[in-house]
Amino acid sequence: MRLDKYLKVSRLIKRRTVANEACDNERVTVNGKVARASYEVKEGDVIAIRFGQRTLTVEVVAVAENVGKAEASAMYREIQTP
């Protein structure tokens, strides 16, 4: 699944266009490297998203095309950053 779609389906970012812009502006990294929106997300990838001063780091647990609101948070595991 594409990175921009994963961010939307997992509800880390609300809209796919916003996820696309975040990737274009180099605010999203996967496994420590700046990632493009077309990056293919795999289980075990570590995604970091910069929201202004705050950075959210998550590990991909599952990749699914259609997920309900309740199950969306089960697609990733939040990693505490020091």
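If you're wondering where the values come from, they're calculated on a predicted model, not measured in any experiment.

1. Points about the pattern of salt bridges
- On inspection of all chains with the given rule, the structure shows 4 salt bridges.
- One salt bridge connects Asp4 with Arg2, and the closest N-O pair in it is separated by 3.1 Å.
- Residue classification places Arg2 among the partly exposed residues on the basis of a relative accessible area of 31%.
- Each member of the salt-bridge network shares a partner with another, and the members are Arg2, Asp4 and Arg16.

2. Looking at unusual backbone geometry
- If you check the backbone angles, Arg11 has positive phi at about 65 degrees while not being a glycine.
- With respect to the helices and strands, the residue Arg11 is situated in the loop between helix 1 (3–9) and helix 2 (16–24).
- Note on Arg11: relative accessible area 43%, which makes it partly exposed.
- We note that Glu26 has phi near 60 degrees; this positive angle belongs to a residue other than glycine.
- Here Glu26 is to be found in the loop between helix 2 and strand 1 (28–30).
- Under the relative-accessibility criterion, Glu26 is labelled partly exposed at 48%.

Quick notes on the rules
- Residue numbers restart at each chain and count upward from 1, following the sequence in its written direction.
- The model is predicted, so local features are restricted to residues of pLDDT at least 70 and side-chain atom pairs to those at 80 or more, both for listing and for counting; the totals for chains, interfaces and linings are taken over all residues.
- The side-chain numbers reported here are obtained from all heavy atoms of the structure, hydrogens and water having been left aside.
- Note on definitions: salt bridges are taken to be side-chain nitrogens of Lys or Arg within 4 Å of carboxyl oxygens of Asp or Glu.
- With a 1.4 Å probe rolled over the protein chains alone, any residue whose accessible area is under 20% of its type maximum counts as buried; one over 50% counts as exposed, and the rest are partly exposed.
- To qualify as a helix, a DSSP run of H or I must reach at least 4 residues; to qualify as a strand, a run of E must reach at least 2; elements of each kind are numbered from the N terminus.

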